[in-house]
Amino acid sequence: MGNLIKVLGKDLENCPHFFLDFESFTWGTFLKLQNLRPTPAVPPCQMTNPAIQNDFSYYRRTLSRNRLNNLQLEAESEVSNEMANRMSLFYAEATPMLKTLSNATTKFVSENKTLPIEDTTDCLSTMACVCRVMLETPEYRSRFTNTETLLFCMRVMVGVIILYDHVHPVGAFAKTSKIDMKGCIKVLKEQPSNSTEGLLNALRYTTRHLHDDTTSKQICSLLQ
């Protein structure tokens, strides 16, 4: 574990030879993760369909009205009050899954004070760096066989940036940040807008430190 932390804590930008060795491991791991098809950290349906909360509220009102009129729905299509309340709170967030991950990561850091926070932030910044390099380097990018894999890589990059911004004391946008925010935003803006607008919105509206005084005007303008 100690050796792994040392690897994740290295400055990959200043160690190109190390990165070439590390990239082989990362690429294989990345493909395994992609094949698992996990729930994306930045759900596209919620970011592009903010009315989902209103739709669910309408469903709950309809359900209550049917109960008052003694109209029963099929058992498998009815949601209990407890579950409906939890779902309502979940979908109230712009990026509910990412919010859950952010809260869990922040809680983990606060409850494990003996673990240096750099162990967590260095891991997140390394993941963001690897994803960015894969997206902006033609040699690595050519290995993507479909657009879903490309989108998955962008989602991972944005997800770990937001987690970093929630956990790190000064966030991801400060000059001292280990994440190349200009490079990451540039990579996203080079993609078709229909596939990245939700991701850019996630950076705009779900980060904590974007509007801090330590954020450069250039980064702010890139996200306008």
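Going along each chain's sequence as written, the residues are numbered from 1 onward. Only residues with pLDDT of at least 70 are given local features in this predicted model, and only at 80 or more are side-chain atom pairs given and counted; all residues enter the totals for whole chains, interfaces and linings. Computation of side-chain values: all heavy atoms of the structure, hydrogens and water removed.

A. Broad picture of the overall build of the protein. Helix and strand definitions here come from DSSP, where helices need a minimum of 4 consecutive H or I residues and strands a minimum of 2 consecutive E residues; each element is numbered from the N-terminal end. A count of helical and extended segments in the protein gives twelve helices and zero strands. Taking all 224 residues of the protein together, 41% fall into the buried category. Here a residue-residue contact requires only that any non-hydrogen atoms of the pair lie within 4.5 Å. Look at the contacts in the protein between residues 6 or more apart in sequence, and 68% of them connect residues 24 or more apart. Working definition of accessibility: Shrake-Rupley area with a 1.4 Å probe, residue cover restricted to the visible protein chains. Of the roughly 13300 Å² of accessible surface on the protein, 57% is carried by carbon and sulfur atoms. For the exposure calls, accessible area comes from a 1.4 Å probe over protein chains only, and a residue counts as buried if that area is under 20% of its type's maximum, exposed if over 50%, partly exposed in between.

B. How the structure looks around the nonpolar core. Residues Leu135, Ile161, Ile179, Met181, Leu188 and Leu203 are the most contacted members of the largest nonpolar core, which totals 37 residues. Contributions of two or more residues to this core are made by helix 7 (117–136), helix 9 (147–167), helix 10 (181–189) and helix 11 (193–205). Beyond its immediate sequence surroundings of up to four residues, isoleucine 179 is in contact with Ser125, Ala128, Ile161, Tyr164, Ala172 and Cys184. Working definition of a nonpolar core: buried Ala, Val, Leu, Ile, Met, Phe, Trp, Tyr and Cys residues. They are joined through side-chain atoms within 4.5 Å.

C. Spatial organisation of the side chain of arginine 204. Within the secondary structure, arginine 204 is located in helix 11. At 2.7 Å, the side chain of arginine 204 and the side chain of asparagine 201 are in polar contact. A distance of 2.4 Å separates a polar atom in the side chain of arginine 204 from the backbone oxygen of leucine 223. With residues up to four places along the chain from it excluded, the contact list for arginine 204 reads Glu197, Leu210, Leu223 and Gln224. Polar contacts here mean pairs of N or O atoms no more than 3.5 Å apart (in protein, one a potential hydrogen donor and the other a potential acceptor; neighbouring residues in sequence count only if both atoms are side-chain atoms).

D. The pattern of salt bridges, seen in detail. Any carboxyl oxygen of Asp or Glu within 4 Å of a side-chain nitrogen of Lys or Arg constitutes a salt bridge here. The final tally for this structure, using the stated rule, is four salt bridges. The partner of arginine 132 in a salt bridge is aspartate 180, and the shortest N-O contact between them spans 4.0 Å. Of this pair, arginine 132 sits in helix 7 while aspartate 180 sits in the loop between helix 9 and helix 10, and the two are 48 residues apart along the sequence. Linked by salt bridges that have partners in common, Arg132, Glu136 and Asp180 make up one network.

E. Representation of the packing of helix 6 (residues 96–111) against helix 9 within the structure. Here an angle of 0 to 180 degrees is reported between the N-to-C directions of two axes, which are lines fitted to C-alpha atoms, with helices fitted over the stretch in contact. Close contact between helix 6 and helix 9 brings their axes to 9 Å; oriented N to C, the two are set at 40°. In terms of their interaxial angle, helix 6 and helix 9 are classed as oblique. As for how helix 6 packs across helix 9, the hand of that crossing is right-handed. Facing helix 6, whose interface residues are Leu98, Leu101, Ser102, Thr105, Thr106 and Val109, helix 9 presents Gly159, Ile162, Leu163, His166 and Val167. For this classification, the nonpolar set comprises Ala, Val, Leu, Ile, Met, Phe, Trp, Tyr, Cys and Pro, the charged set comprises Asp, Glu, Lys and Arg, and every other residue, Gly included, is treated as polar. When grouped by side-chain class, the residues that make up the contact of helix 6 with helix 9 number six nonpolar, five polar and no charged. With respect to orientation, any angle under 35 degrees is reported as roughly parallel, any angle over 145 as roughly antiparallel, any angle of 65 to 115 as roughly perpendicular, and every other angle as oblique. Helix crossings get a hand from a simple test, with the near helix turned counterclockwise from the far one by less than a right angle marking a left-handed crossing and a clockwise turn marking a right-handed one.

F. The arrangement of helix 7 in detail. Taking 1.5 Å per residue, 20 residues should reach 28 Å; helix 7 reaches 29 Å between its end C-alpha atoms and fits that length. Extensive coverage of helix 7 is indicated by the burial of 14 of its 20 residues. Multiply 1.5 Å by the residue count of a helix minus one, and that product is the helix's expected span.

G. Just the environment of glutamate 197, in detail. Along the polypeptide, glutamate 197 turns up in helix 11. Judged by its relative accessible area of 35%, glutamate 197 falls in the partly exposed class. A polar contact of 3.2 Å, which involves the side chain of glutamate 197, links it to the side chain of arginine 204.

H. Broad picture of the confidence of the model for the protein. Every residue gets a pLDDT, meaning the predictor's confidence in that residue, from 0 to 100. Of the residues in the protein, 73% have a pLDDT of 70 or more, and the chain-wide mean is 75. Averaged pLDDT values over the elements of the protein bottom out at 38 in helix 1 (residues 2–8) and peak at 95 in helix 10. This stretch, residues 1–42, has a pLDDT under 50; its non-local contacts, to residues over four places away or in other chains, come to 58 contacts.

I. Highlighting the side chain of serine 125. Within the fold, serine 125 resides in helix 7. Judged by its relative accessible area of 6%, serine 125 is buried. Polar contacts involving the side chain of serine 125 include one to the main-chain carbonyl oxygen of aspartate 122, which spans 3.0 Å. With residues up to four places along the chain from it excluded, the contact list for serine 125 reads Tyr164, Lys178 and Ile179.

J. A look at the packing of helix 7 against helix 10. Viewed as axis vectors pointing N to C, helix 7 and helix 10 meet at an angle of 45°, and their least axial separation amounts to 10 Å. Taken as axis vectors, helix 7 and helix 10 run oblique relative to one another. Along this stretch, helix 7 crosses helix 10, giving a crossing that reads as left-handed. Judged by residue contacts, Arg132, Leu135 and Glu136 of helix 7 engage Gly183, Cys184 and Val187 from helix 10. Along the lines of polarity and charge, the residues of the contact of helix 7 with helix 10 split into three nonpolar, one polar and two charged.

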